[in-house]
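Listed below, chain by chain, are the residues.
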Amino acid sequence: EGITVIDVTEEALAPRQFGQSRIVILVKSLNKFISSFFDENPLSMMTIIATYNYRATVLSPLSRNIKEHLNIINTLSDINAIGEPSIYNSILVSTSLLRSSVPCSTKEILFIYGSFKTCDPKPVQDTLNLLKQNPPCVASCIGFDAKFDFMKRITEENHGKYFIPSSNEHLF
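This one's a predicted model, so the numbers in the text were calculated from it and none came from an experiment.

A. The overall build of the protein, seen in detail. For the protein, the helix and strand inventory stands at 6 helices and 8 strands. Secondary structure elements of the protein, listed N to C terminal, follow the sequence β-α-β-β-α-β-β-α-α-β-α-β-α-β. Relative to its length of 172 residues, the protein is compact, with a C-alpha radius of gyration of 15 Å against a globular reference of 16 Å. With the C-alpha coordinates of the protein rotated into their principal frame, the extents come out at 45 × 35 × 30 Å. Here the analysis covers contacts within the protein between residues at least 6 apart in sequence; of these, 68% occur between residues at least 24 apart. Within the structure as shown, the protein displays about 8,400 Å² of accessible surface, and the carbon and sulfur contribution to it stands at 54%. Where the 16 positive side-chain charges of the protein centre and where its 17 negative ones centre are 2 Å apart.

B. Spotlight on the sheet that holds strand E5 (residues 55-63). Ordered by their spatial adjacency, 6 strands build an open sheet running E5-E4-E1-E6-E7-E8, and the pairing between neighbours is mixed. Strands at the two margins of the open sheet, each flanked by one partner only, are E5 and strand E8 (162-163). Relative to E8, strand E7 (residues 137-143) runs parallel, the two being bridged by 2 bridges. Note that in E8 the partner of Cys 141 across the bridge is Tyr 162.

C. Up close: the nonpolar core. Ile 6, Val 8, Leu 26, Ile 73 and Leu 76 are the most contacted members of the largest nonpolar core, which has 24 residues in total. The set of elements that each furnish at least two residues to this core consists of helix H1 (10-13), helix H2 (22-40), strand E4 (46-52), helix H3 (66-73) and strand E6 (107-113). A total of 7 residues in this core trace back to one element, the largest contributor, which is H2. Setting aside its immediate chain neighbours within four residues, Leu 76 contacts Ile 6, Val 8, Ile 23, Leu 26, Leu 30 and Leu 59.

Cut-offs and rules
- Residues numbered from 1 in each chain as written.
- Predicted model: local features only at pLDDT ≥ 70, side-chain atom pairs only at ≥ 80, totals over all residues.
- Heavy atoms only, no water.
- Helix = DSSP H or I, 4+ residues; strand = E, 2+ residues; numbered from the N terminus.
- Rg over C-alpha atoms; globule rule 2.2 N^0.38 Å.
- Contact = heavy atoms within 4.5 Å.
- Areas by Shrake-Rupley, 256 points an atom, 1.4 Å probe, with all protein chains shown as cover.
- Lys, Arg positive; Asp, Glu negative; His and termini not counted.
- Charge placed at Lys NZ, Arg CZ, Asp CG, Glu CD.
- Pairing = 2+ DSSP bridges.
- Core = buried A, V, L, I, M, F, W, Y, C linked by side-chain atoms within 4.5 Å.
- Buried < 20%, exposed > 50% of the residue type's maximum accessible area, 1.4 Å probe, protein only.

In structure tokens, the structure reads:
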């Protein structure tokens with residue numbers, strides 16, 4: 001089962017990168033990723049979560065409905081994304097959704113994160129423990145700009161990868 005958590009704050013998506021705005025890059029890349037995900041994993045399910053305004057909001061339910069996920073991605077720029085992202089709340093929502101999946105399924109959270117901060121209601125260690133309490137869960141991140149140490153720590157402690165694209169060709 002796959003959960004894609006997207007930092008949709010203005011800080012994350014407004015800057016230009018590789019000659020175009022990050023939101024344009026994100027929408028194009030996620031369209032490719034979602035199509036590939038379901039081509040390669042036809043029995044898997046996915047959900048899309050957005051983090052902004054100190055919350056994590058489920059944009060599409062955990063399902064196999066590729067059209068619904070693609071429609072959500074194509075409307076990301078319509079979100080009034082004020083406030084800061086919250087990694088803790090994103091993990092809390094993600095792990096609660098993953099609890100409903102079958103025990104033998106692979107559970108992965110992919111963060112697409114462009115901010116250098118997180119606004120969480122709990123300390124850093126509580127955030128890390130939240131993922132450890134819900135194994136087996138792999139957490140990976142695609143970041144923009146420089147590495148965010150906290151996100152790097154989450155990926156390292158949860159068998160994931162942290163990737164920062166250096167050009168359009170390196171995205172997804």
